[in-house]
Amino acid sequence: MASGLKRVSMQGIAAALVLGLLGWLASGCGSSNGASSSTSASAAGSAPTLAPIQTPYSPKIDPANFVSTVDNPYWPLKPGTTFHYKGIRGKTPQTDNEVVTHQTKQVLGVASTVVRDTVSEHGKPIERTFDWYAQDKYGNVWYMGEDSLELKHGHFITASDSWKGGVNGGEPGIIMPGKPRPGDAYRQEYYPPGQALDQARVLSLNGKVTVPDGSFKGLLVTSEHAPGDPQVEQKYYSPGTGEGQETVVKGHHEQFKLVGITH
């Protein structure tokens, strides 16, 4: 009897092991596939994938993949908002006011938010740029182009680095990733004729900075530069606010800090 009980017990254990193994394989495969699918989907919508720094560069812009509101926490563009910055370029104090307008610009079939950016010296504007931004369904904010004007002989004229996605070789880039991760590198703009070739790399998600508008921590920190240009900028972005500070860390002396936000 003892021998018979032992045989039944071993058979039951064997059966349980088989069933457990089959269940583990089924759940494991399902979990693996799910994780793989999730990872693939995440990678597919990431800034390094959609706007790689490698060349040739030809991003796929499908208007169906874009949303109407730019609400990325690191780059929120609520119409009617103005970001006020003060800083210095070389030895000259400057102000920079960025107004999120209620206007949109059609670029490659995508309605892009227009931001009017005015740089002034001694109370007088010296640069004026109309930047165009649009957000995709992954939360990435795309830089769709810019109409850049510079002051020459008392008049504003179109600057050589003005560009528009889909025109004369100009291609949109990503100005702000939807899910930035340290080490991520991505292209911000691409217009070889005007040498508008800015790229960025995420350095940290734990930066700290103090500006006239307050002290911030847990900041996104990026390094930005253009190939062939010795200048390197470091920028700090606060969730829910946007850019708080930018500093040229290699090249000429330049730094701007956020001093206020008005609506």
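None of the values given here were measured: they were computed from a predicted structure.

Student: Can you help me understand the overall build of the chain in this one?
Tutor: If you tally the helices and strands in the chain, you get 2 helices and 16 strands. A total of 263 residues make up the chain; the buried ones form 41% of that total. Partitioning the intrachain contacts of the chain with sequence separation of at least 6 by distance along the chain shows that 45% fall at a separation of at least 24. Carbon together with sulfur atoms contributes 56% to the accessible area of the chain, which is approximately 14200 Å² in total.

Student: What should I look at first to understand the environment of W163 in this one?
Tutor: With respect to the helices and strands, W163 occurs in strand β8 (residues 163-164). The exposure class assigned to W163 is buried, which follows from its relative accessible area of 4%. Residues W163 and D131, spaced 32 residues apart in sequence, show a C-alpha to C-alpha distance of 9.8 Å. The contacts of W163, once residues within four sequence positions are left out, are W132, Y143, M144, G145, E146, G170, E171, P172, E189, Y191 and A196. Within the structure, the side chain of W163 is placed 3.1 Å from the side chain of E189, a separation counted as a polar contact.

Student: Could you clarify how one ought to interpret the pairing of strand β3 (residues 92-107) in this entry?
Tutor: In this structure, strand β2 (residues 82-89) lies alongside β3, joined through 8 bridges in antiparallel fashion. The residue bridging R89 from the neighbouring strand is T92, located in β3. In textbook terms, the turn of a hairpin is the stretch between consecutive antiparallel strands, and for β2 and β3 this stretch comprises 2 residues, one of which, G90, has a positive phi near 70°. Bridge count for β3 against strand β4 (residues 110-121) is 10 bridges, and the pairing is antiparallel. Looking across to β4, one finds that E98 is bridged to D117. Hairpin connection from β3 to β4: 2 residues lie between these consecutive antiparallel strands, with L108 at a positive phi of about 55°.

Student: Quick question: what am I supposed to make of the packing of aromatic side chains here?
Tutor: Each aromatic ring pair is described using two quantities: the centre-to-centre distance and the angle formed by the ring planes. Counting across every chain of the model gives 6 aromatic pairs. Summarising the aromatic geometry, the rings of Y133 and Y143 are spaced 5.2 Å apart at their centres and angled 20° between planes, so their arrangement reads as stacked. Taken together, the residues span a long stretch of sequence, with Y133 in strand β5 (residues 124-136) and Y143 in strand β6 (residues 141-152) at a distance of 10 residues. Since its relative accessible area comes to 7%, Y133 is described here as buried. Look at Y143 and W163: their rings are 5.5 Å apart centre to centre, the planes differ by 80°, and that puts the pair in the edge-to-face class. Remark: W163 occurs in strand β8 and Y143 occurs in strand β6; sequence separation between them is 20 residues. Judged by relative accessible area, Y143 falls into the buried class, the value being 8%. Among the aromatic residues, those joined into a ring-pair cluster are W75, Y133, Y143, W163 and Y237. Lying across the ring of Y57, R187 places its NZ or CZ 4.9 Å from the centre.

Student: Explanation requested: the confidence of the model for the chain in the structure shown.
Tutor: Detailed reading of the predicted coordinates is not advisable wherever pLDDT is low. Looking at the chain, pLDDT values average 87 and 84% of them are 70 or higher. A low-confidence stretch, residues 34-39 (pLDDT under 50), is modelled with 0 contacts involving residues beyond four sequence positions or located in other chains.

Student: Just to check I follow, could you spell out the nonpolar core for this structure?
Tutor: The tendency in soluble globular proteins is for nonpolar side chains to be buried as a group. Residues W75, Y133, W142, M144 and M176 are the most contacted members of the largest nonpolar core, which totals 38 residues. Looking at this core, the elements with two or more residues in it are β2, β3, β4, β5, β6, β9 (171-176), β12 (199-211) and β16 (254-262). Of all the elements, β6 adds the most residues to this core, at 4 residues. Every residue in contact with M176, bar those within four places of it in the chain, is listed here: N72, Y74, W75, G139, N140, V141, L220 and Y237. One finds V209, V211, F216 and L219 within the second-largest nonpolar core, a separate group that totals 6 residues.

Student: Just to check I follow, could you spell out the pattern of salt bridges for this structure?
Tutor: Close approach of charged atoms lets side chains of opposite charge pair. Tallied over the full model, the rule gives 5 salt bridges. Put simply, E127 and R89 hold a salt bridge, and the shortest N to O gap is 2.8 Å. With E127 in strand β5 and R89 in strand β2, this residue pair connects regions lying 38 residues apart in the sequence. Owing to a relative accessible area of 27%, E127 belongs among the partly exposed residues under this scheme. Among the residues examined, R89 registers a relative accessible area of 26% and is labelled partly exposed.

Student: Sorry if this is basic, but what is going on with the side chain of E243 here?
Tutor: For E243, the position within the fold is in strand β15 (residues 242-250). Although buried, E243 forms no salt bridge, and the nearest oppositely charged side chain, K235, lies 4.6 Å from it. If near-sequence neighbours (up to four positions away) are discounted, E243 is found in contact with Y74, Y85, K235, Y236, Y237 and L258.

Each value, and the rule that gives it
- Residues numbered from 1 in each chain as written.
- Predicted model: local features only at pLDDT ≥ 70, side-chain atom pairs only at ≥ 80, totals over all residues.
- Heavy atoms only, no water.
- Helix = DSSP H or I, 4+ residues; strand = E, 2+ residues; numbered from the N terminus.
- Buried < 20%, exposed > 50% of the residue type's maximum accessible area, 1.4 Å probe, protein only.
- Contact = heavy atoms within 4.5 Å.
- Areas by Shrake-Rupley, 256 points an atom, 1.4 Å probe, with all protein chains shown as cover.
- Polar contact = N/O pair within 3.5 Å; in protein donor to acceptor, adjacent residues only side chain to side chain.
- Pairing = 2+ DSSP bridges.
- Phe/Tyr/Trp six-rings, centres within 6.5 Å; stacked < 30°, edge-to-face > 60°.
- Lys NZ or Arg CZ within 6 Å of the ring centre and 35° of its normal.
- pLDDT = per-residue confidence, 0-100.
- Core = buried A, V, L, I, M, F, W, Y, C linked by side-chain atoms within 4.5 Å.
- Salt bridge = Lys/Arg side-chain N within 4 Å of Asp/Glu carboxyl O.
- Lys, Arg positive; Asp, Glu negative; His and termini not counted.

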